[in-house]
Amino acid sequence: MPIRIPAPAAASVEVRTARLADRDRFGERWRYHALTRTPDGWWQADVSALALPDGPHEYEFVLDGDRAHPIPDPFATEVTRFGGYRGVLRIRDGAEDEGFDWGDELPEGVELAPDERLVVLALPMRWVETEEDAHPRLGTFEEVAFDHLDRLAALGVSALELDEVQDSPATAARRTGPRFLLAPDLDMGAPTDLRWLVKACHRRGIRVLLAVDLARTEGNPLAVLAPDRYFGPDGRFQYEEKVDGQFWARELQFESARRWVEDYRIDGFRIRGFASLDNWEFVQQFRDVARGAAHWRFPRRPFTVIAEDALVRPVAATDAPTNPNHRRVVDAAWNPGYRDELRRLLLDRITPGWGEPPRRSRIADLVSCRGFDRLTRSVAFVTEPDGEPRLLDHVLDVLRATRPTEDEDDLLREALDRVRSAHALLLTSVTIPLLLAGEEFGDTEGVATPAGSGTPRAVHWYRASAPSHRETAAAVGDLIRLRTAHPALHRDEVEVFHLHPAIDLPPHDGGARVFAYCRTSGRPLGSAGQVVVVANTGPQDFPQYGVPWVWHGWRERGARPGAVPLVGVGNGWADIALAPFEVRVFETE
């Protein structure tokens, strides 16, 4: 396999190598090998021609004899840092060898969940480790694998989304684009560590998705080697115009997609900043390349590409005539409008203006994710992974503002109940649920954070052990397991079968916010194997509420501790207790 770099302006290029074991004589034992120029301005040499002994070697490039200013390989798949960044080659029998055994990756009886069974947990690697009363610190693949993975598997999630994994200059306090697109971040661990984490996830039936930034980069050696080929005037990757007959930046991202799929067995991508890319043709090509690599290498495994789209455009995930080549650009797209409407619903802040749809219509639109033609096309969440106040903080801010003299512990318990209710709705709506790590137990920053501030969302794992947070995690975990296992929640059908007659009226006119819907699995109401949700999204307390009920057997899931059981009273009705802003979920038998 060759090593190669673009350097169209260079008159000569050498690669210099040294064994990592020779660091005690650093800089004294370089071996130089001249590269051969190709007609399109690339310089290359076959690794076998370097005649390297077995073991790990660091390497870098020297242009035009300037040995004082070497340049690292922008296509390095592993990097090291010692007086600068360099690539790493691991040699066995004269060739590159990753030296990792994937043989027992999927034990007998274990399968990776298809898209309709996905519950994705987003793990922000740069802020995943936080101790009490301490600032967030960089997480590592080792810590995720050994400190958190068993807990996340027990929670029931079917996919783990790793953010900020490509090597970059980012820190826990500053986000940037990647530096080396094909290499895992040096400070998070070695490639073997990441492979082991992916393998450990797969052995538990958990898919691994990778969040990637296709627009930005920082500290990339290509800015020195061939800036005109890869970048626009703003320093971002340039995908619109060919240079010297090629879309160089596109090809770089395609190679990156193939590498992550083939070398790390990644099960999908989230494309960060989809709206700012504004190049649907390129994104569609990226999806085609990534899916093609996955289906060629692992033909029976699911794979998905998700657009992080702040503009809520379901058409991107639809085979529409307005899209490039009249087909979908991505497999699914974010639905941040769901988050906005859900938060309004749980704070009783849906106030339709003149000419706007009434509350009853907006509830139906919310649980069906209206606009998206299939469950697997929409990705919804209660808190966006990229820098906004957590749901608990958002609710607490409102409660503190409206009830400033009330006991803080009472407000916290009420806010945690709404976190549970939010997930009861999210996990039974017609969408792929995405949870930011920590939301499942009601994590909080403990400080006010302006919306849209871009402040990283640290995960305060220690909060999960507090009794009220532990109860929230138990309820949300039960709902997650229902979502991944119940066939009715893997289909698109939903029917709103009850709305309080005064649901559209304001509270002072007798308005009540009770509604109920069923994930029918395509069967008539009253059938076994359905999921029924009864929700009170208003401040009234209903010790006994009559709801239409045609089911003969049921079991509650994700219940609030101490909830009074639903009682069927016959004649197609049941009595149910509904606390303020309480959502109750039942599977029918």
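Draft legend 1. Fine view of the overall build of the chain. Secondary structure summary: the chain contains 12 helices and 27 strands in total. Taken over C-alpha atoms, the radius of gyration comes to 27 Å for the chain, in line with the 25 Å a tight globule of 589 residues would show. Over its C-alpha atoms, taken along the principal directions, the chain stretches across nearly 85 × 55 × 50 Å. Burial status across the chain gives 57% buried among its 589 residues. For the chain, the proportion of contacts with a sequence separation of at least 24, taken over those separated by at least 6, is 73%. A distance of 2 Å separates the average location of the 72 positive side-chain charges in the chain from that of its 93 negative side-chain charges.

Draft legend 2. Quick peek at the pattern of salt bridges. Tallied over the entire structure, the rule returns 60 salt bridges. If you follow the salt bridges from partner to partner, you end up with Arg16, Arg23, Glu58, Glu60 and Arg86 in one network.

Draft legend 3. Region of interest: the sheet that holds strand 5 (residues 42-46). Across the sheet, which stays open at both edges, the 3 strands sit in the order 1-5-4 with antiparallel pairing between neighbours. The two strands at the open ends of the sheet, each matched to only one other strand, are strand 1 (2-6) and strand 4 (36-37). Sheet analysis places strand 1 next to strand 5, joined by 5 bridges and oriented antiparallel. Of the residues in strand 5, the one forming a bridge with Ile5 is Trp43.

Draft legend 4. Just the packing of helix 10 (residues 391-402) against helix 11 (residues 408-426), in detail. Where helix 10 meets helix 11, the axes come as close as 9 Å, and the angle between the chain directions of the two elements is 135°. In terms of their interaxial angle, helix 10 and helix 11 are classed as oblique. Our pair here, helix 10 against helix 11, has a crossing hand that is right-handed. For the pair helix 10 and helix 11, the contacting residues are Leu391, Leu392, Val395, Leu396, Leu399 and Arg400 in the first and Glu408, Leu411, Leu412, Glu414, Ala415, Leu416, Arg418, Val419 and Ala422 in the second. Of the residues contributing to the contact of helix 10 with helix 11, the split by class is 11 nonpolar, no polar and 4 charged.

Parameters at a glance
Residues numbered from 1 in each chain as written. Predicted model: local features only at pLDDT ≥ 70, side-chain atom pairs only at ≥ 80, totals over all residues. Heavy atoms only, no water. Helix = DSSP H or I, 4+ residues; strand = E, 2+ residues; numbered from the N terminus. Rg over C-alpha atoms; globule rule 2.2 N^0.38 Å. Buried < 20%, exposed > 50% of the residue type's maximum accessible area, 1.4 Å probe, protein only. Contact = heavy atoms within 4.5 Å. Lys, Arg positive; Asp, Glu negative; His and termini not counted. Charge placed at Lys NZ, Arg CZ, Asp CG, Glu CD. Salt bridge = Lys/Arg side-chain N within 4 Å of Asp/Glu carboxyl O. Pairing = 2+ DSSP bridges. Axes fitted to C-alpha atoms, helices over the stretch in contact; angles between N-to-C directions. Parallel < 35°, antiparallel > 145°, perpendicular 65-115°, else oblique. Left-handed = near helix turned anticlockwise from the far one by under 90°. Nonpolar A, V, L, I, M, F, W, Y, C, P; charged D, E, K, R; others polar.

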